[in-house]
Amino acid sequence: MNKPFLSFMASAAQVCGAFILMACVGAAWAVDITPKMQPKIDAYKKQATVWAADPLIIKAVRESNAKGPIPMMGNAKWRELKEADPVVKGFIVHPAGQLMTKWLSADAKGINKIVLSGDKSQRVAFTSMPAAYIGKGKPNFDTSMDDGKVWQQGESKPDPSTGIDSVQVSAPVKDGDKVIGVLLVALSVSNLQ
């Protein structure tokens, strides 16, 4: 066989091996929820529901829904921003962001991120920059927004923005009986076991 062909085949094998390794590591990283973890998760789901009913949270979502998403801000543009960007910082220093940071700080071992979204799935406030600005199409938004139900991730996975092994839960934010937004809480698996 000729040398360039062998070199190409060796490179292709390395690439295939890397993809297989990444798939195996990713599959090994996801962990099923155990019976021991579930009562703790249930307690956080109840807490998320209480937080979602906080008057400051409801007010923040109402105001964001009246304004709508940031014009021209999609997930691709969002990913170009850094945590220090003034746009991103505005969500953290927002009064709802400060309140959620207070909640996170009171349970820093158990919670690693809180994100508040409006009715168009736009971010309203958060404790740290989420991976996406628009959350529509994800069960953590759609189940709570469209069905008005508390949602729980079925297995633990690395959080897309923090990288921390997490179980996400979300609760609908309601104005009376109407769902107007979603509060997402990322729980640290290390605290659930």
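Before reading on, note that the structure itself is shown above.
Only a predicted model underlies this, so the values are computations on that prediction, with no experimental measurement involved.

Trainee: Got a sec to walk through helix α2 (residues 38-52)? Specific residues and values, please.
Mentor: For α2, with 15 residues, the first-to-last C-alpha span of 21 Å sits near the 21 Å given by 1.5 Å per residue. Those residues of α2 lying buried are Ile41, Tyr44, Ala48, Trp51 and Ala52. Seen end-on, α2 carries its buried residues on one side only, within an arc spanning 90°. Away from its buried face by more than 90 degrees, α2 exposes Pro39, Lys46 and Val50.

Trainee: An account of the layout of surface pockets is needed here, citing residue identities and associated values.
Mentor: Volume-wise, the largest pocket comes out at about 470 Å³. In this structure, the largest pocket is lined by 25 residues; those nearest its centre are Lys138, Asn140, Pro160, Gln168 and Leu184. When its residues are assigned to classes, the lining of the largest pocket shows twelve nonpolar, seven polar and six charged. Of the pockets and cavities examined, the second largest pocket occupies roughly 210 Å³. Along its surface, the second largest pocket is lined by 14 residues, and Ser64, Lys67, Phe91, Arg123 and Val124 are the ones closest to its centre. Those elements that place two or more of their residues in the lining of the second largest pocket are α3 (55-67), α5 (86-93) and β3 (123-126). Broken down by element, the residue count for the lining of the second largest pocket peaks at four residues, all from α3. The residue makeup of the lining of the second largest pocket, split by class, is six nonpolar, five polar and three charged.

Trainee: An account of the packing of α3 against helix α6 (residues 95-106) is requested, with residue identities and associated values reported.
Mentor: For the pair α3 and α6, the least separation of the axes is 9 Å and the interaxial angle reads 145°. As for how α3 packs across α6, the hand of that crossing is left-handed. In contact with Leu56, Ile57 and Ala60 of α3, α6 contributes Pro95, Ala96, Leu99, Met100 and Trp103. For the contact of α3 with α6, a count of residues per class yields eight nonpolar, no polar and no charged.

Trainee: Explain the pattern of salt bridges to me, and be specific about the residues and the numbers.
Mentor: Taken as a whole and assessed by the stated rule, the structure comprises eight salt bridges. Of the charged contacts, one joins Lys45 and Asp42 as a salt bridge, the two residues approaching to 3.6 Å between their closest N and O atoms. Of this pair, Lys45 and Asp42 are both found in helix α2, three residues apart, which corresponds to roughly one turn of the helix. With a relative accessible area of 21%, Lys45 lands in the partly exposed category. We note a salt bridge from Asp175 to Arg62, for which the minimum N-O separation is 2.8 Å. Residue Asp175 is found in strand β6 (residues 165-175), and its partner Arg62 is found in helix α3; the two are separated by 113 residues along the sequence. Asp175 sits in the partly exposed class, given a relative accessible area of 31%. Given a relative accessible area of 43%, Arg62 falls into the partly exposed group.

Trainee: Help me get a handle on the packing of aromatic side chains, residues and values and all.
Mentor: The description of an aromatic ring pair rests on the distance of the ring centres and on the angle between the ring planes. The final tally for this structure, using the stated rule, is six aromatic pairs. Summarising the aromatic geometry, the rings of Trp78 and Phe91 are spaced 5.8 Å apart at their centres and angled 80° between planes, so their arrangement reads as edge-to-face. Within this pair, whereas Trp78 is found in helix α4 (residues 75-80), its partner Phe91 is found in helix α5, the two being separated by 13 residues in sequence. Taken individually, Trp78 and Phe91 each receive the classification buried, so the pair is uniform in this respect. Within the aromatic cluster, the residues linked to one another by ring pairs are Trp78, Phe91, Phe126 and Tyr133.

Trainee: I'd like a description of the side chain of Arg123, backed by residues and values.
Mentor: With respect to the element layout, Arg123 can be found in strand β3. Within the buried set, Arg123 has no salt-bridge partner at all; the shortest N-O distance to an opposite charge, 9.3 Å, is to Asp159. Within the local environment of Arg123, its side chain forms a polar contact with the side chain of Ser117, the two groups lying 2.7 Å apart. The contact partners of Arg123, leaving out residues within four places of it in the chain, are Ser64, Phe91, Val115, Leu116, Ser117, Pro130, Ala132, Tyr133 and Gly135.

The rules behind these values
Residues numbered from 1 in each chain as written. Predicted model: local features only at pLDDT ≥ 70, side-chain atom pairs only at ≥ 80, totals over all residues. Heavy atoms only, no water. Helix = DSSP H or I, 4+ residues; strand = E, 2+ residues; numbered from the N terminus. Expected span 1.5 Å × (residues − 1). Buried < 20%, exposed > 50% of the residue type's maximum accessible area, 1.4 Å probe, protein only. Arc of directions from axis to C-beta. 1 Å grid on protein atoms, 1.4 Å probe; cavity = no way out; pocket = protein on both sides within 12 Å on 5 of 7 lines; lining within 4 Å. Points joined across faces, edges and corners; volume = space filled by probe spheres on them. Nonpolar A, V, L, I, M, F, W, Y, C, P; charged D, E, K, R; others polar. Axes fitted to C-alpha atoms, helices over the stretch in contact; angles between N-to-C directions. Left-handed = near helix turned anticlockwise from the far one by under 90°. Contact = heavy atoms within 4.5 Å. Salt bridge = Lys/Arg side-chain N within 4 Å of Asp/Glu carboxyl O. Phe/Tyr/Trp six-rings, centres within 6.5 Å; stacked < 30°, edge-to-face > 60°. Lys, Arg positive; Asp, Glu negative; His and termini not counted. Polar contact = N/O pair within 3.5 Å; in protein donor to acceptor, adjacent residues only side chain to side chain.

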